[in-house]
Amino acid sequence: MSHYHDLSAVEEQITSCMRCGNCQAACPYYRETGSESSVARGRIRLARAVLTGELKYTPALAERFECLTCYACNATCPCGVKIDKVLLAARAAMVREGGTPALKKLMAIALKNQRLLDLGFKTTARAKGLFLKPHPAGGLSPRFPLGLELRRVVPPLSPKPFRGQVRESVPVPGAGKKVAFFTGCLNNYVYPSTSHAVVEALTKSNVSVLIPREQHCCGAPLVINGVIDVAEEMARSHVDLFSGLGIDALVVACGTCGESFKRKYVDLLDGAPGYANRARELAAKTYDIGDFVCNVAPFDRKRLREVAMKVTYHEPCHLGRGLGVTAEPVEIIRSIPGLDFIPLKEPNRCCGNAGSFSFTHYDVSYNILKRKLTDVAGTGAETVITGCGACRMQLEDGIAQEGLGKKVFHTAEILALALR
Amino acid sequence: MSLTKAILDLRAILGKENVVTAKEDLLCYSFDATAGMPEHLPDVLVTPLSVKQVAEVVKVANRYKLPVYPRGSGTNLSGGTVPIRGGIVLSLLKMNKILEVDPENFVAIVQPGVIIQTLNTTVAAYGLIYPPDPGSMATATMGGSVAECSGGLRGLKYGVTRDYVMGLEVVLANGDVVRFGGKTVKNVTAYDMVRLFTGSEGTLGIITEIIVRLIPAPEARKTMLASFKDLTSAGNSILGIIQSKVIPATMEIMDRVTMETVENHAHVGLPTGAEAILLVEVDGIPEVVRREAATVRKVITRNGGTVKAAADDRERDQLWAARRAALPALAQKRPTTILEDATVPRSKITDMLLAIQDIGRRYKLTIGAFGHAGDGNLHPTILTDARDSEEMERVHQAVDEIFKAALAMGGTLSGEHGIGMAKARYLPWEFGEKGVQLLQKIKEALDPGCILNPGKLIPRGEGQV
């Protein structure tokens, strides 16, 4: 049984916390609240209380386990406690005890049913004028509170999702490798340009690409919110879909999606007959695009043309601390002639988006973003490069609201541009 | 019920958002960083924003006879912030402003919630440092470290927190606000009240403002790692270096148990087969640093040690990596880590290390010893499992023996962690009955109702709450 199914699976992690409080210095959420119940040390104590029966489910208790899931505490913990596991296990336990909150239920239904999600996104894309108005800095602002803060600036949805724009197979004659591209929701519905860039970078690196239309949300938003049963179904469906393709690798362009394939499916399907082994095999061949074009099918450095631009790089939490892809995006940026790269002071500090967390905790999320924007402004860069659609959305929101006039691109887009 | 009324009064003073009563939150304030301590739920958590509010909270506490437990980041290692009798936890985290940096007088004025590292980062711009550097400096607050009188790695040359506190503003147990000391280097006006409150562990008053001394940042430093085949040679080197009139900023020791654990855990390339290592850092004016480094090297070699010196900052980081990994490595070996800080005169450091090894053997426990050898402040670290009651019994006996040994060598119960709950019962061993009675009289004079951090420091006879 994995920690998603049984809280006692993380008992050793809970006892290993020596309560030193070092997590306070690392946690972006604690930095805003100063409350021991929003930092790892306190939450591990709460998880212990759930485990021993000292505390029972209450909506307030369930809320205490919510956070950015940025893994900054994991990286700083001197005892090596896998704090993310404790928190995800506790969230799953809360859903088991208290049920799924209404908003999360709605999300689960939409994410599970891809056609519904497609329809929802399309309807929203067409009807956007009814609900959203253009923001002077580009992007859109909500006209009414739709579960979105009125001041929030969101990018327009693509009128046609990426997967509806491309063929399912993009073969390269004499290709060295064949991969499947898992687009993820944001790169499908919001940033199709990223997805196009991924395909371009891969094909120009002599790699054939499959983009199965049947793919859907990876399930990470559900796992992160403790809705395990639906996530498990989604894991099975993706293992079935991608295991049968005879591919050398599965490529993602989002750390969060990557982690689903690399880790979450393995845990979710641990011991599931017919799935456990295939989930592990799929995990072993899952790569982020930056990792893949640096280490597996190297891009042709001689083909790179000059791109004159002053840039900086924001490292997404799930890409860096999650998948361990830290050096490769910087390697790509440094290899492109003409790019003036000024690093951030704290490139791997969370931007505050954290997916659904930013819907439920927008004020905290925005304050965390402001610190990131100060760091960005300090570099004088005109463009922020990052490897995650959610970080990009967050950065674009802040850049528009603060009137900073900067652009945000995915690492793959800069690479594709230089290869053009 | 009087608690309900007290909470209403507190809300009227602080606003609803700064008075917390949800059990989900309070449970996270029932403990601190100290291992093996009992936990206790507070009744309410308050976060005042000003000295006036702190004073008002104390008055409410008096009115309803509720204990007040002041708290910074809760990183102390003596059970100092555990609200062992319930009542009010008073968090000073929102009083976190650096009020002034005065580069002419080399002082800074801070509120208690300022993080030590934040102060250091701020004064670095003036070429100054605030020397006390406890291991928790990235998280610990100034208020907490003044109340606990924290030490750190640089204690040998630079002293401890009390050597840098020049003035304090304190809220007394009756809600009065008093100020002592100031920006002057010389100040012999009346009793040294600043020193009375520094290290008082929240039992005499609540610190709401601190004036600290800063010093110029050292221009240069040299770091060396020495390994020894036996403990005695390491101990003789420590003494030899000081006798040669060199006072290193840092002189850290690590015994074999600690080294092996660090090496297994972090693979930092520690010398195998060594019985002890010393990490020595000298700092100051470049010419002096060069001369002192040469002397250190000579003394170590004379005592049969092998020296590795860092050529640059990168190599310095590598040498320090081993020291920084000591506690984390030990902590990962077993679920519970009991960290003590018995301290002896530095001439007894070898005897103390041998005594710790002997105690570990006799009680069949794994005890790693590392710490600030130059100032005699060792950290015997017992690796155990709090769930194993038979082993915990042996742990308690071993801790008793460690303190007895330290006191027999002319040492003290605590070099830098304080007494709190963890060591209160040992206090008569060091102070004697009369000494403890004097402490009790001071406590009764300043806090007759015993509402400030009750259950800490003073072993007994502290009145009822």
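The structure presented is a predicted model; accordingly, all values stated were derived computationally and were not measured. (Residues numbered from 1 in each chain as written. Chains lettered and ligands numbered in written order. Predicted model: local features only at pLDDT ≥ 70, side-chain atom pairs only at ≥ 80, totals over all residues. Heavy atoms only, no water.)

**Some details on the interface of chain B and chain A**
Here is step 1: Each partner contributes to the interface: chain B provides 25 residues, whereas chain A provides 30 residues.
Here is step 2: Roughly 2,200 Å² of surface becomes buried between chain B and chain A when both sides are summed, with 54% attributable to carbon and sulfur atoms.
Here is step 3: Sorting the residues of chain B by area buried against chain A places Glu24, Leu27 and Phe31 of chain B first, and these three jointly supply 25% of that buried surface.
Here is step 4: One salt bridge in this structure joins Arg45 of chain A and Glu39 of chain B, with 2.9 Å as the shortest N-O distance.
Here is step 5: Joining chain B to chain A, the criterion identifies 13 residue pairs in polar contact (both at pLDDT 80 or more).
Here is step 6: Secondary-structure elements contributing two or more residues to the side of chain B that touches chain A are α2 (23-26) and α11 (313-333) of chain B. (Contact = heavy atoms within 4.5 Å. Buried area = accessible area lost by both parts, 1.4 Å probe. Salt bridge = Lys/Arg side-chain N within 4 Å of Asp/Glu carboxyl O. Polar contact = N/O pair within 3.5 Å; in protein donor to acceptor, adjacent residues only side chain to side chain. Helix = DSSP H or I, 4+ residues; strand = E, 2+ residues; numbered from the N terminus.)

**Details of the packing of aromatic side chains**
Residue and element names in this part refer to chain A.
Here is step 1: Counting across every chain of the model gives twelve aromatic pairs over all chains.
Here is step 2: Ring centres of Phe182 and Phe242 lie 6.1 Å apart, and the angle between their planes is 70°; this geometry places the pair in the edge-to-face category. Note that Phe182 is positioned in strand β4 (residues 177-182) and Phe242 in helix α15 (residues 228-243), a separation of 60 residues in sequence. Considered together, Phe182 and Phe242 belong to a single accessibility category, that of buried residues.
Here is step 3: The cationic tip of Arg278 hangs over the ring face of Tyr275; the distance from NZ or CZ to the ring centre is 5.0 Å. (Phe/Tyr/Trp six-rings, centres within 6.5 Å; stacked < 30°, edge-to-face > 60°. Buried < 20%, exposed > 50% of the residue type's maximum accessible area, 1.4 Å probe, protein only. Lys NZ or Arg CZ within 6 Å of the ring centre and 35° of its normal.)

**Focus: the domain arrangement of chain A**
All names here are of chain A.
Here is step 1: The assigned domain composition of chain A is domain 1 (7-98) and domain 2 (302-419).
Here is step 2: Relative to domain 2, the C-alpha centre of domain 1 lies at a distance of 28 Å.
Here is step 3: Opposite the 15 residues of domain 1 that make contact, domain 2 presents 15 residues.
Here is step 4: The contact between domain 1 and domain 2 buries some 1,300 Å² in all, and 59% of this surface belongs to carbon and sulfur atoms.
Here is step 5: Among the residues domain 1 hides against domain 2, the three largest losses belong to Arg31, Glu32 and Leu68. Together they make up 41% of the total.
Here is step 6: At the junction of domain 1 and domain 2, the tally comes to one salt bridge.
Here is step 7: The shortest N-O distance in the salt bridge between Glu32 and Arg371 comes to 2.8 Å.
Here is step 8: The interface formed by domain 1 and domain 2 contains three residue pairs in polar contact (both at pLDDT 80 or more).
Here is step 9: Contributing elements (two or more residues each) for the side of domain 1 that touches domain 2: α2 (23-26), α3 (28-33) and α6 (72-76).
Here is step 10: With four residues, the top contributor of residues to the side of domain 1 that touches domain 2 is α3.
Here is step 11: Of the residues in the side of domain 1 that touches domain 2, the class split is eleven nonpolar, one polar and three charged. (Domains from an automatic or database assignment. Nonpolar A, V, L, I, M, F, W, Y, C, P; charged D, E, K, R; others polar.)

**A short note on the sheet that holds strand β8 (residues 165-172) of chain B**
Residues and elements named next belong to chain B.
Here is step 1: One open sheet accounts for five strands, arranged β5-β6-β10-β8-β9; its pairing is antiparallel. In this open sheet, the two edge strands, each paired with only one partner strand, are β5 (98-102) and β9 (177-181). Direction aside, the axes of adjacent strands within the sheet are offset by 15° on average.
Here is step 2: Each of β8, β9 and β10 (205-213) is contacted by helix α3 (residues 51-64), which is oriented at about 45° to β8, the strand it contacts most.
Here is step 3: Across the sheet, helix α4 (residues 116-124) touches β5, β6 (107-110) and β10, and the angle it forms with β5 is around 40°. (Pairing = 2+ DSSP bridges. Axes fitted to C-alpha atoms, helices over the stretch in contact; angles between N-to-C directions.)

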